[in-house]
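# Geometric and topological summary
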Amino acid sequence: MNNANLQPSCVFEQFARINQIPRPSKHEEQMIAFLKAFGAERNLETIVDETGNVLIRKPATPGYENCKTIILQSHMDMVCEKLVDLDFDFHHDPIQTEVDGEWLKAKGTTLGADDGIGCAIELAILDSNDIEHGPIECVFTVDEETGLTGAEGMKPGFMTGDWLINLDSEDEGQIFVSCAGGMTTDAVFPFTKEQPAEGHFFFKISLKGLVGGHSGDDINKKRANAIKVLTRFLYKMQEQTGDLRLACFNAGKLHNAIPRDGIAIFSVPQAEKENVRAAWNIFAEQVKEEFHVTEHNMQFEMESAEAQPVMAKETSERIIRALQAADNGIFAMCQDEAIAWLVETSNNVASVTTNDDNVKIVASQRSNVMSNLENQAATIKAVFQLAGAQVKQKDPYPAWKMNPDSKLTQLVVDTYKALFNKEPRVLGIHAGLECGLFSERYPNIDMVSFGPTLRGVHSPDEKLHIPTVQMVWDHLLAILKQTPAK
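First things first, this report covers the structure right here in the doc. (Residues numbered from 1 in each chain as written. Predicted model: local features only at pLDDT ≥ 70, side-chain atom pairs only at ≥ 80, totals over all residues. Heavy atoms only, no water.)

Further remarks concern the overall build of the protein. Along the protein, the regular secondary structure elements total eleven helices and 21 strands. Here the C-alpha atoms of the protein give a radius of gyration of 24 Å, agreeing with the 23 Å that 2.2 N^0.38 yields for 486 residues. Viewed in the frame of its principal axes, the protein has a C-alpha envelope of about 85 × 45 × 45 Å. Within the protein, counting contacts between residues at least 6 apart in sequence, those at least 24 apart form 79% of the total. Here the protein has roughly 19700 Å² of accessible surface; of this, 47% comes from carbon and sulfur atoms. Separation of charge centres in the protein, based on 45 positive and 69 negative side chains, amounts to 2 Å. (Helix = DSSP H or I, 4+ residues; strand = E, 2+ residues; numbered from the N terminus. Rg over C-alpha atoms; globule rule 2.2 N^0.38 Å. Contact = heavy atoms within 4.5 Å. Areas by Shrake-Rupley, 256 points an atom, 1.4 Å probe, with all protein chains shown as cover. Lys, Arg positive; Asp, Glu negative; His and termini not counted. Charge placed at Lys NZ, Arg CZ, Asp CG, Glu CD.)

Here is the structure:
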C-alpha cells in the first residue's frame, strides 16, 4: 500500500521505504548501505562503527546551536516471523502492508514496526527542513533482537550527545525509564538415532494458531507456550505408555518470542495406539478450555506417521522430563509497592530443535533485579544439567536503573501534559532495551524510551496503531523545540 496516505506522511513515507529493505537480525547489510547513502545524499556526517551501528549527525537549526545535543536511537533489525503456510523470504521479499481500521498490519508476517517505525521517525527528522531543534545525533543499531549485540559492540565515544531518547517502546503515553536485564540458556542433548522398536506405532502431533508475542512484554498475559503444551502431552504419554520414543520435536524459533506452533513425532507400543488417540482428544479440549480467554485459535492435530529412526528411550525421557520441569512464565513480581504490577523475573522456553545428532533447547531469562536474574538462570541451567544436557549461557545484558533526578524525564512529562492535557505514565518495562547497555558505557547520558502503540510484536499479528504515530511525532518535536541549553 501507499503509506504516504497516512499521517504524519513524512514518517510513513520513510517507513514504506524501510519495509522494502530486507533486515533480519544479523543481516542488516542492505539497511546499513541505505542509511549511509541517506546521510551522504543530505551532506550529513555519517559514521559506521565496527559493529555496523550507524550514526548520522544533523546540525542545529539557527538559534538552537547552544542546546543540549539530543540522541535519537532505534534499532534497524526486525524479528522475522510468518504464518506457517506462507511462502515468504525475509532475506529478499519486501514487507507487504495493509490498513485495518486504525491499525497498520503486514500480510502474514511481522510488520517490522519494531523498530522500523522508530527508524522512520529519525529519518523524517533528518530529512526535514522546517523543524526547530538543537544538535541531533540519530543512531541506528544492529542486531537488537537476538542479543543486543549492536549496543554491546558500541564503544564509548561513538555517541557524543547529552540526552538520549530511545524510540523502541510500544505503548503511547507510557514513558519508560528502566528495563530488565537478561541472558539466554542453550541446552543440547546429544543422541545417536536407532531403528524403531519392534511393534511400535508412530504419531505426529502439532499445535498452531497460538497468539505468541514478546517474551518480555507479553509474558504476563497468560498466553500458551506451544513447547510447554506439547511437552505436557508427551510427558503424560511417556508415563502412561512406559515406552515413548521421540523421533523429532520442533517448536519455536526465536529466543525473545513466545512459541506459537510446533510439531512432535514419536512412537508408542502398538497396543497403546487407541489410548493415545483418545488421550489427545481429551487433552486438546482441556487445554482449549484452560486458555479460553487468551487463545481463540488453537489448532490441535494428530495423524499417523511413517516409521523412522528414533532417539533411545532414555534420551527421550530425559528431554521430555527436562522440558516438563523447566520453569516458564513469571518467576517473581516486583516487590516495590509502587510497581507491584510489573513482572520482575521470568523465563521463556523459546525453542526446541531436533538436528541430526542432537536436540537443542533455548530459553530466555529476564529480570529487573540482577541477582534474581542470576538465580533464575541458575535454576534453568540446573534443570537441564540434571537431565544430562550440555548447557551454555550467553548474551547477558544489564538492567537499566531509573534516574530519580532525570531532567530529560521531567521535560518529556511536561511537554506531554501540555500537548495532550493528560499525565503520561512513567514506568519500567520487563523487556531488554539497549538503554541498559548504553547506561554502562555512557553513565552521564540522561535517557528515556517511548514510542507509538504496537500490538502482537514478534509475531505475524504485529500491528501499529496509526493515530499514535502522529502523537509521538508531535511530542518529539515539542521536546526538540524546548531542549534547554547545555
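Contact geometry for helix 2 (residues 29-41) and helix 3 (residues 113-127): axes closest at 11 Å, N-to-C directions at 20°. Considering their axes alone, helix 2 and helix 3 lie roughly parallel with respect to each other. For helix 2 against helix 3, the interelement crossing comes out left-handed. Between helix 2 and helix 3, the residues in contact are Phe34, Leu35 and Phe38 and Leu123, Leu126 and Asp127, respectively. Class assignment of the residues belonging to the contact of helix 2 with helix 3 gives a composition of five nonpolar, no polar and one charged. (Axes fitted to C-alpha atoms, helices over the stretch in contact; angles between N-to-C directions. Parallel < 35°, antiparallel > 145°, perpendicular 65-115°, else oblique. Left-handed = near helix turned anticlockwise from the far one by under 90°. Nonpolar A, V, L, I, M, F, W, Y, C, P; charged D, E, K, R; others polar.)

Turning next to the pattern of salt bridges. This model, assessed by the stated rule, comprises 22 salt bridges. Note that Glu50 and Lys155 form a salt bridge whose closest N and O atoms lie 3.3 Å from each other. Pair noted here: Glu50 is in the loop between strand 1 (45-48) and strand 2 (54-58) and Lys155 is in the loop between helix 4 (149-153) and strand 7 (163-166), with a separation of 105 residues, a long-range link. Using a relative accessible area of 72% as the deciding quantity, one classes Glu50 as exposed. Residues Lys417 and Glu423 are paired through a salt bridge, measuring 3.2 Å at the closest nitrogen-oxygen approach. The partly exposed category is assigned to Lys417, whose relative accessible area is 33%. Residues participating in the shared-partner salt-bridge network are Glu41, Arg42 and Asp127. (Salt bridge = Lys/Arg side-chain N within 4 Å of Asp/Glu carboxyl O. Buried < 20%, exposed > 50% of the residue type's maximum accessible area, 1.4 Å probe, protein only.)

This part covers the state of the cysteines. Tallied over the full model, the rule gives zero disulfides. Considering cysteine sulfurs only, Cys138 is the nearest to Cys119, which forms no disulfide, with 9.8 Å between them. (Disulfide = S-S within 2.5 Å.)

For strand 6 (residues 136-141), the buried fraction is high: six of the six residues fall into the buried class. Taking every second residue as pointing to the same face, both faces of strand 6 are buried, with Ile136, Cys138 and Phe140 on one and Glu137, Val139 and Thr141 on the other. Taken together, the five bridges between strand 2 and strand 6 define a ladder with antiparallel strand orientation. Opposite Arg57, over in strand 6, you have Glu137 as the bridge partner. Note: strand 3 (residues 70-75) against strand 6, six bridges, orientation parallel. Each bridged residue has a counterpart across the sheet, and for Ser74 the counterpart in strand 6 is Phe140. (Pairing = 2+ DSSP bridges.)

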